[in-house]
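Listed below, chain by chain, are the residues.
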Amino acid sequence: MKIVVCIKQVPDTTEVRLDPKTNTLIRDGVPSIINPDDKAGVEAALQLKEKVEGSTVTVISMGPPQADVALREALAMGCDEGILVSDRAFGGADTWATSHTIAAALKKLEYDVIITGRQAIDGDTAQVGPQIAETLGLPQVSYAEAIDVEGDKLIVTRQYEDRKHIIEVATPCLITALSELAEPRYMSVRGIMDSYREKEVKLFTLEEIKDTVDMSDIGLKGSCTRVKQSFTKQAKGAGEKIVDGSVDEKVAAIIAKLQEKYII
Amino acid sequence: MSKDIYVFAEQRDGKLQKVGIELVGKARELADDLGEKVVVMLIGSDVKRNAEKLIKHGADKVIVVEDPMLKEYVTEPYTKAVTKIINENDPNIVLYGASAIGRDLAPRVASRVHTGLTADCTKLDIDEETKLLLMTRPAFGGNIMATIVCENFSPQMATVRPGVMKALPTDNSRTGEIEELKIEFVEADMNVKIRQVIMSDKKAVDITEAKILVSGGRGVGSPEKFEMLKNLAESLNGEISSSRVAVESGWVDHDRQVGQTGKTVRPDLYMACGISGAIQHVAGMEGSEFILAINKDENAPIFGVADLGIVGDINTILPKLTDEINRIKAEQD
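Procedures and definitions
Residues numbered from 1 in each chain as written. Chains lettered and ligands numbered in written order. Predicted model: local features only at pLDDT ≥ 70, side-chain atom pairs only at ≥ 80, totals over all residues. Heavy atoms only, no water. Helix = DSSP H or I, 4+ residues; strand = E, 2+ residues; numbered from the N terminus. Buried < 20%, exposed > 50% of the residue type's maximum accessible area, 1.4 Å probe, protein only. Contact = heavy atoms within 4.5 Å. Buried area = accessible area lost by both parts, 1.4 Å probe. Salt bridge = Lys/Arg side-chain N within 4 Å of Asp/Glu carboxyl O. Polar contact = N/O pair within 3.5 Å; in protein donor to acceptor, adjacent residues only side chain to side chain. Nonpolar A, V, L, I, M, F, W, Y, C, P; charged D, E, K, R; others polar. Pairing = 2+ DSSP bridges. Domains from an automatic or database assignment.

Caption draft 1: Seen up close, the environment of Gly78 of chain A. Residues and elements named next belong to chain A. Its location among the elements puts Gly78 in the loop between helix 2 (68-77) and strand 7 (81-85). A relative accessible area of 23% places Gly78 in the partly exposed class. Taking the C-alpha atoms as reference points, Gly78 and Thr56, separated by 22 residues in sequence, lie 9.9 Å from one another. With sequence-adjacent residues up to four places away left out, Gly78 is seen in contact with Leu46, Lys49 and Lys199.

Below, the structure written as structure tokens:
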């Protein structure tokens, strides 16, 4: 089985802080990581490979040259080959342009299963996976919390708020992974060495994919949406604060407020 | 010329989901701004009986698509139905709930009709000059907000998180049109097979429906101490909810998590107990009518959004508060 996993290198948004004086994002020193849902996808792919003899796992990422580090990490976990899709022409892409660029690169590869993360923690859109599937004309199963193989079919547990679907899907198909799909393994020392010495990260620039994508579908110009404005959120104003006083006094203050609001 | 505001009304087992009704409320407001109509897409199997309800909540027209294949949500048949409606009617705006269904369907539709899509919006407005839809959403874990526009493609599409928009009250005097649209589905449309549907066995508690939430965070300290919060919630006829830490520590089920990666809630009363107030958490609860925060740390950011902040120990305050509420309620009976 030929498995391709799409990953994104993202800033660890739980580490992002606002500068209280300027009210702007402090990005310095914020570590870059493999997006958590994507990393679970890498692990799920490696587990599928272990189940189905003769499988390969290719990992692909669209981003700046630094995204090479994320691909090497996936190789060190056990993926066979990496592909970095990187070119200035791809910059400023929204999810339409991103999905068309990645789909163009995927058309250059053989695949039975494409796995993406459900969503990335920097953008939280959950759109690129389904949009790649549509561009490639593949069935999709999103929000996957388990994947199994049965002959040439995949059995996927698909999560909703109130239920789960056990879904049978034929290959080729695209699956989007929840972070609970699989607990990512650690890189081994040997794996890290191999990822740089034995394994390869191929670079796909515009030159490599120009025959599989329409120029009007990539980059800022190919994007359907545009950011008109971005701003840091205005905090809701603080109300009354009670610091001093006994426990009884504080309880009384709460009770008074609840009564004033007709809650009790 | 593209016109009218379309809403995908999500249903499960034939029952309308709240988010669809909330979106109809917002669509009504946008449509009145633009002088356009609100049209609801009601797609499923045996769902037509909900059409009147949608009209009474603000819709001008409901397009009903029924087919046995649409009983459970599956990407392809639903995409086919929505795409057909869009292609035949050329709407100006299409709104979807940012649920596990909407976030699967909307991107697929956006790609098929070649238009933009803005995910998880928390605010929708019409630009006074350009009449474009201004779609505002959080990014970077809620640290920044971005306003997105889709100028050159149509329709303008957005998903909106459940609980963000307010549904309009039922207006029994409203009337509207109901159109039954027949779409022919073929076997190839069902490109995946549902082997089994497993309903969540836990008694489903929807914290977005609760009027009162007693919410706990890291400061609660243990699953046993969450009992204090449960007792307080019970005295107020409310539910408990939590921050991400409490879920990750296994103290509370994940469906009770409030925040960027959890749910957006806007209860009448939100009591944040031992919650520091990380921006990701605040993003999910700042729309609450009244926020009461209790925290030992005087400098906790939660006090920045609290209408009433109490600096103190929840271990001593909560049990007393619960007793006091129970005593007052007993007197009232």
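Caption draft 2: Local environment of the interface of chain A and chain B. Listed per partner, the contact involves 76 residues of chain A and 83 residues of chain B. Carbon and sulfur atoms make up 56% of the surface buried where chain A meets chain B, a total of about 7,100 Å² over both sides. Between chain A and chain B we count 12 salt bridges in total. At the surface where chain A touches chain B, the tally comes to 41 residue pairs in polar contact (both at pLDDT 80 or more). Those elements that place two or more of their residues in the side of chain A that touches chain B are helix 4 (128-136), strand 9 (140-150), strand 10 (153-159), strand 11 (163-170), strand 14 (226-232), strand 15 (240-242) and helix 8 (247-260) of chain A. Per-element tally for the side of chain A that touches chain B: the top contributor is helix 8 of chain A, with 10 residues. Along the lines of polarity and charge, the residues of the side of chain A that touches chain B split into 32 nonpolar, 21 polar and 23 charged. Pairing between strand 15 of chain A and strand 18 (residues 308-311) of chain B: 3 bridges, direction parallel. If you follow Lys241 of chain A over to strand 18 of chain B, its bridge partner there is Gly309 of chain B.

Caption draft 3: Looking closely at the domain arrangement of chain B. Residue and element names in this part refer to chain B. Along its sequence, chain B is carved into domain 1 (5-189) and domain 2 (207-332). Taken over C-alpha atoms, the centre of domain 1 sits 33 Å from the centre of domain 2. For the domain 1 and domain 2 pair, buried surface summed over both sides reaches about 930 Å², with 37% attributable to carbon and sulfur atoms. For domain 1, the biggest contributors to the area lost against domain 2 are Lys18, Gly141 and Arg161; these three give 46% of the whole.

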